[in-house]
Amino acid sequence: MRGLFVTFEGIDRSGKTTQARLLLDALGDAAVGVREPGGTAAGERVRALLKDPAVELSPAGEALLFAAARAELVAQVIEPALAAGRVVVSDRFLDSSLAYQGEARGLGVAEVERVNAFATGGLTPDLTLLLDLDPATAGGRGAVEDDRFEQEGRALQEQVAAAYERLVAAAPGRWRRIAADRPPEEVHADVLAAVEAARRAPAGEEA
Ligand code: TMP
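Read on for an overview of the structure. (Residues numbered from 1 in each chain as written. Predicted model: local features only at pLDDT ≥ 70, side-chain atom pairs only at ≥ 80, totals over all residues. Heavy atoms only, no water.)

1. Focus: the packing of helix α3 (residues 59-83) against helix α5 (residues 109-120)
Here is the rule we go by: Axes, fitted as lines to C-alpha atoms, cover a helix only where it is in contact. Angles between the N-to-C directions of the axes lie from 0 to 180 degrees. Segments assigned H or I by DSSP are reported as helices when at least four residues long, segments assigned E as strands when at least two residues long, and all are numbered from the N terminus. Convention used here: angles under 35 degrees read as roughly parallel, angles over 145 as roughly antiparallel, angles from 65 to 115 as roughly perpendicular, and any remaining angle as oblique. Each helix crossing is assigned a hand: it is left-handed if the near helix lies turned anticlockwise from the far helix by less than a right angle, otherwise right-handed if that turn is clockwise. Contacts are assigned to residue pairs that have any heavy atoms within 4.5 Å of one another. Basically, the charged four are Asp, Glu, Lys and Arg, the nonpolar ten are Ala, Val, Leu, Ile, Met, Phe, Trp, Tyr, Cys and Pro, and anything else, Gly included, counts as polar.
Interaxial distance between α3 and α5 falls to 8 Å at its minimum, and their mutual angle equals 30 degrees. Between α3 and α5, the angle is such that the two are roughly parallel. You can see that α3 and α5 cross each other, and the crossing is right-handed. Across the interface between the two elements, L64, A67, R70, A71 and V74 from α3 touch V115, N116, A119 and T120 from α5. Counted by class, the contact of α3 with α5 contains 6 nonpolar, 2 polar and 1 charged residues.

In structure tokens, the structure reads:
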């Protein structure tokens, strides 16, 4: 039986990485964790390039680099794991490109979707967990601003948050919104419940 593809989305510092780790710990050997961009030798190099504020990139170049890293990850890691029946947990996926490059960078969601369909063969998550956090609260979490996206500050995060709202509205069946302004263990309980429900439901019916 094919596995389950679960993705985490949200603005920067919404707690995705912590929640992905807690979910992976809870699922044990049944699960495989990946992060975007990254997760393959080529993908990690592309990640370093994308995060470096000293490297200038056009919006199109940026979108294509994310898509290239994603193509490697899908082919080398995600598809084989799903074929083996595992739960794949990804810290960001296609929706991040739709929100950041498609909307915030203004390339257009449909355009970015097309590029990514070529990169991934059209792979879509079975379940996407939106860690819902107000950009002002996320900004107050005070991590080091060490990459091109975080350095762009609140305005970018507001645009990305609005973009996620539109993506949820366009495909409500795939998304679960989870309030992220709570202690990590409380957020995790809701995450796990959503994933367990999706594992029990036949594909496409995990409402
Ligand atoms: P993160 O690993 O800390 O989430 O950093 C990745 C950054 O890259 C984050 O600011 C979101 C951004 N990003 C995009 O703009 N497009 C994408 O497709 C992905 C996966 C991430």
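Further notes follow.
2. As for the site of the ligand
Convention followed: By convention in this text, a residue qualifies as near a molecule or strand provided that one of its non-hydrogen atoms is within 4 Å of it. Side-chain atoms alone can form a polar contact between residues adjacent in sequence; in general such a contact is a pair of N or O atoms within 3.5 Å, and within protein one must be able to donate a hydrogen while the other accepts it. Areas reported here follow the Shrake-Rupley algorithm with a probe of radius 1.4 Å; residue values treat only the protein chains shown as occluding.
Taken together, D12, E36, R47, K51, F66, R70, R92, S96, S97, Y100, Q101 and F149 form the complete shell of residues around the ligand. Separating an oxygen atom of the ligand from a side-chain N or O atom of R47 is a distance of 2.9 Å. Interatomic distance of 2.8 Å between a side-chain N/O atom of R92 and an oxygen atom of the ligand. Alone, the ligand offers 480 Å² of accessible surface; in the complex the protein occludes 92% of this. At the level of secondary structure, the elements contributing two or more residues to the shell around the ligand comprise α2 (41-51), α3 and α4 (94-104). It is α4 that contributes the most residues to the shell around the ligand, 4 residues altogether. Grouping the constituent residues of the shell around the ligand by class yields 3 nonpolar, 3 polar and 6 charged.

3. Some words on the pattern of salt bridges
What counts here: Salt bridge, as used here: a side-chain nitrogen of Lys or Arg that lies within 4 Å of a carboxyl oxygen of Asp or Glu. Between buried and exposed lies partly exposed: a residue is buried under 20% and exposed over 50% of the maximum accessible area for its type, with that area taken using a 1.4 Å probe on protein chains only.
This model, assessed by the stated rule, comprises 13 salt bridges. Note that R35 is salt-bridged to E44, the shortest N-O span being 2.9 Å. Here R182 and D190 are joined by a salt bridge, their closest N and O atoms 2.8 Å apart. Residue class for R182 comes out partly exposed when judged on its relative accessible area of 26%. Residue class for D190 comes out partly exposed when judged on its relative accessible area of 35%. Overlapping salt bridges, with partners in common, bring together E9, D12 and R92 in one network.

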